[in-house]
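# Coordinate analysis (summary)
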Amino acid sequence: MTEHGKIDPALLRGLTEPRYSRRQFLRYAGAGAGSLSLAAILAACGTKGITGAPSNSSSTGVGSSTWWSQQTLHHKLNFANWPYYIDTSHGKHPTIEQFTKATGIKVNYTDPIDDNVAFFASKVRPALQSGQYIGYDIIVLTNNDSPLGQMMQLGWLVPLDQSKMTNFYANASDLVKNPSWDPGNKYTMAWQSGYTCIGYNTKYVKEDITSVQSLFDPKYKGKIGMMGIATELGSFGMLANGVTDISKSTPTDWSAAADKLNAQKPLVRSYYDQGYIDALKNEDIWISMVWSGDVFQAAQYQGYPQLKAVIPKEGAMFWTDNMCVPVNVENPLDAMTYMDSVYDPHTQALIEDYNAYVCPVPASKEIILKDLKDPAVANSPTVFPDAEVVSLSRAYYQWKTPAELKTWNDTFVPIYQS
């Protein structure tokens, strides 16, 4: 950006760079076939946090206003994110370059996360359990299938400095303010969000798809794709049963959803992780559970305009990848400075125009439309949801204990593993 807040045309990557989806590189462990067991990992962590870890709940502990007032900029930042998840042009990241130019903070941006649970198990837990710096000042974890909630409970995340979140509170969407998984944004700020919804091939599916029930329609037998991911599959089973507030569901609801999904099995071609998008492109399936950004990018930039994503009338699951700061952090003020900077509408416009997921900054829409001249992104209801789509955004169930997570997995995993 220029000093006047406009986007410098020299930074625009144009439309020649290939756009990839972060979820295309997601193995999505935690509840998938052959994955690490999130329940077992969390059980191994215990429930009492790190022995000897500094308190982050007292008036002077880690993350308190007193603690934050003692922090200074170190002009360096180590940021761990998912692959293909930030604006890229000519092998560089323009928004990071501009951030460094404006603040003097040099960002070591890497993308080592391709799985929430595996990253937690290999990079996060061993260091934090031994009271060490994990090597990153910011990490990005998903709210619905990862150890994020348990990290909050265990005291493994630093409460954010709310006084440094000026851009966030001025510009953030209501969808990412005060989320159910982190009331008051005590520990997290959204990086990007997305919908688990329905995608279909208009070449073969001639009707307008409006309901989850279309995934259970016998006329599409053998051409239906479902996700082999317990969090997603179980949630959609409950939507199909009329349970719209998944976050308040009960084991009885889970069992009824499993019955619905088991009855559907003869209609399903396969249960997928991210591979569903290739199956849609190849016409192996005609209709499927999808992640909104995958279908948008396939349709707009990858040569598959016949693919369409829709938010069904029962609602769509709304997930968020969250920036957070692990304890034992070395550069906390640098982290806060960066996290808030991406909520500047001009900065977010460049990031969003590359990612095409649900934008956390509504004001970026006009910038994408007028400055970046990309109406496909600016006018997409799954990038900038209107009031109706927002009302159909459904929150995931948040497991309270490893035992509860095990019950969920025991209910839904056998559907796609058997």
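A word on the overall build of the chain. When helices and strands are counted, the chain shows 16 helices and 10 strands. Taking all 418 residues of the chain together, the buried fraction comes to 59%. Within the chain, contacts between residues at least 6 apart in sequence are counted, and of these 78% link residues at least 24 apart. Accessible surface, the chain as shown: approximately 16000 Å² in total, 51% of it carbon and sulfur.

Further remarks concern the pattern of salt bridges. Tallying each qualifying case throughout the model produces five salt bridges. Notably, a salt bridge pairs K219 with E207, separated by 3.1 Å at the nearest N-O pair. With K219 in the loop between β4 (189-201) and β5 (224-227) and E207 in the loop between β4 and β5, the pair connects residues that are 12 residues apart, well separated along the chain. Of the charged contacts in the structure, one is a salt bridge between D410 and K406, with a shortest N-O distance of 2.8 Å. Here K406 and D410 lie together in helix α16 (residues 402-417), a separation of four residues that amounts to about one turn. Assessed through its relative accessible area of 48%, K406 is described here as partly exposed.

Turning next to the packing of helix α7 (residues 230-240) against helix α8 (residues 251-264). The contact between α7 and α8 brings their axes to 8 Å, and the two run at 90 degrees. Relative to α8, α7 is oriented roughly perpendicular. For the pair formed by α7 and α8, the contact residues are L233, G234, G237, M238 and A240 on the first element and D253, W254, A257, K260 and L261 on the second. Here the contact of α7 with α8 is built from residues that sort into six nonpolar, two polar and two charged.

Low-pLDDT portions of the prediction should not be read for the details of their coordinates. Across the chain, pLDDT averages 88, with 86% of residues at or above 70. Under a pLDDT of 50 for its full length, residues 24-35 has, in the predicted model, 49 contacts with residues more than four places off or in other chains. Scored below 50 in pLDDT, residues 47-55 makes 12 contacts in the model with residues more than four places away or belonging to other chains.

This brings us to the packing of aromatic side chains. Summed over all chains, the structure comprises 22 aromatic pairs. With centroids separated by 5.8 Å and ring planes inclined at 75 degrees, the aromatic side chains of W399 and W408 adopt a geometry described as edge-to-face. Using a relative accessible area of 1% as the deciding quantity, one classes W408 as buried. The cationic tip of K260 hangs over the ring face of F216; the distance from NZ or CZ to the ring centre is 4.9 Å.

Attention now moves to the pairing of strand β2 (residues 106-110). By the alternation rule, side chains of β2 split into V107 and Y109, which are all buried, and K106, N108 and T110, of which none is buried. Remark: the strand β1 (residues 76-80)/helix α3 (residues 94-103)/β2 crossover connection has right-handed handedness.

What counts as what
Residues numbered from 1 in each chain as written. Predicted model: local features only at pLDDT ≥ 70, side-chain atom pairs only at ≥ 80, totals over all residues. Heavy atoms only, no water. Helix = DSSP H or I, 4+ residues; strand = E, 2+ residues; numbered from the N terminus. Buried < 20%, exposed > 50% of the residue type's maximum accessible area, 1.4 Å probe, protein only. Contact = heavy atoms within 4.5 Å. Areas by Shrake-Rupley, 256 points an atom, 1.4 Å probe, with all protein chains shown as cover. Salt bridge = Lys/Arg side-chain N within 4 Å of Asp/Glu carboxyl O. Axes fitted to C-alpha atoms, helices over the stretch in contact; angles between N-to-C directions. Parallel < 35°, antiparallel > 145°, perpendicular 65-115°, else oblique. Nonpolar A, V, L, I, M, F, W, Y, C, P; charged D, E, K, R; others polar. pLDDT = per-residue confidence, 0-100. Phe/Tyr/Trp six-rings, centres within 6.5 Å; stacked < 30°, edge-to-face > 60°. Lys NZ or Arg CZ within 6 Å of the ring centre and 35° of its normal. Right-handed = clockwise from strand over helix to strand, strands pointing away.

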